[in-house]
Amino acid sequence: MSESIKIDIWSDIACPWCYIGKRKFEAGAKAFAEKVGDSAPEVIVEYHSYELSPETPVDFDGNAAAFLSQHKGIPASQAAQMIDRVTGVASATGLEYDYDALQHTNTVKAHQLLHYAKAHGKQVEAKERLLKAYFTEGRHVGRVEDLADLASEIGLDRDDVVRALNEDEFLDDVRADQALGLEYGIQGVPFFVIDGKYGVSGAQEAATFAQVLDQVWTERAAVTS
Amino acid sequence: MSDRSARPALTLLGATDAVACEGDACAIPSLAEVTAAVEKAFTRGR
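A. Main features of the pairing of strand β4 (residues 191-194) of chain A. Residues and elements named next belong to chain A. What you see with β4 is no split at all: F191 and V193 on one side and F192 and I194 on the other are buried throughout. Bridge count for strand β1 (residues 4-11) against β4 is 4 bridges, and the pairing is antiparallel. Counted as the bridge partner of W10 is F191 from β4. Looking at chain direction, β4 and strand β5 (residues 198-201) are connected through 4 bridges and run antiparallel. From the neighbouring strand, V193 faces β5, where its bridge partner is G199. Counted along the chain from β4 to the antiparallel partner β5, the turn is 3 residues long, and its residue D195 has a positive phi close to 55°.

Pasting the structure below:
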């Protein structure tokens, strides 16, 4: 029997439900491990790139509500309501979103940093650092120098990150992730692919993630017994 | 490069209408809708 379950997660940095979904998945995976006990498999997570708004400029002139209003074609008041709601859900999940400080930007370089971090064994740390920087600290996650600062905070070589991002060394990996997402039919994020066979869409509740992991694990045990 | 012909279709699990970001915006159903969807998923699983 395999001792691990692979979870491939498509998400964007500029996606409030992706950070919430990350926390809920982590809680669900913890609950699953506690339920299964000593025989619990290792849950291996790999993040994949998904750009919600690839046309966004690096230096977007306006706040998140203005962006949402403009791109979704809804009144600013409705966009503000949506932001209030997601901020409330985030808070209930233990995440303090600061939309007043948030700097909306293009995320393709941030995705390249995630691939750079994966190549250096630090992708999970990089994902958390980028989401936290964007949603709770008002840090810019679109410029090479700002990304390099964040990378150095998790122990990556700042100068080498600058070089890799300036050379678009990992751009092909970003595009490959996006192509694979299309193959899977992914239209929204976060999207979780479990064992390459099962898909879970959206920021589900932790209990749902725990249940899904349990279901997949039980099914695999039945097949291999 | 991935092989499209070899990739199996995914079986969707969990609540199908959970909150997610689509395109350049986020679909945000009410908390009541999310709760109902999760309860429905659990009922189906039993």
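On we go from here.
B. A look at the pattern of salt bridges. All names here are of chain A. Here the structure, examined in full by the defined rule, presents 25 salt bridges over all chains. K35 serves as the salt-bridge partner of D214, at 2.7 Å between the closest nitrogen and oxygen. Pair noted here: D214 is in helix α9 (residues 206-224) and K35 is in helix α1 (residues 16-36), with a separation of 179 residues, a long-range link. Residues joined by salt bridges that share partners form a network here, namely R129, K132, E137, R139 and E153.

C. Expanded view of the packing of helix α4 (residues 108-119) of chain A against helix α8 (residues 171-184) of chain A. Residues and elements named next belong to chain A. Remark: α4 packs on α8, axes separated minimally by 8 Å, with the N-to-C direction vectors making an angle of 100°. When the interaxial angle is binned, α4 and α8 end up roughly perpendicular. Between α4, through V108, H111, Q112 and H115, and α8, the contact on the second element is made entirely by L171, D173, V174, R175 and D177.

Parameters at a glance
- Residues numbered from 1 in each chain as written.
- Chains lettered and ligands numbered in written order.
- Predicted model: local features only at pLDDT ≥ 70, side-chain atom pairs only at ≥ 80, totals over all residues.
- Heavy atoms only, no water.
- Buried < 20%, exposed > 50% of the residue type's maximum accessible area, 1.4 Å probe, protein only.
- Helix = DSSP H or I, 4+ residues; strand = E, 2+ residues; numbered from the N terminus.
- Pairing = 2+ DSSP bridges.
- Salt bridge = Lys/Arg side-chain N within 4 Å of Asp/Glu carboxyl O.
- Axes fitted to C-alpha atoms, helices over the stretch in contact; angles between N-to-C directions.
- Parallel < 35°, antiparallel > 145°, perpendicular 65-115°, else oblique.
- Contact = heavy atoms within 4.5 Å.

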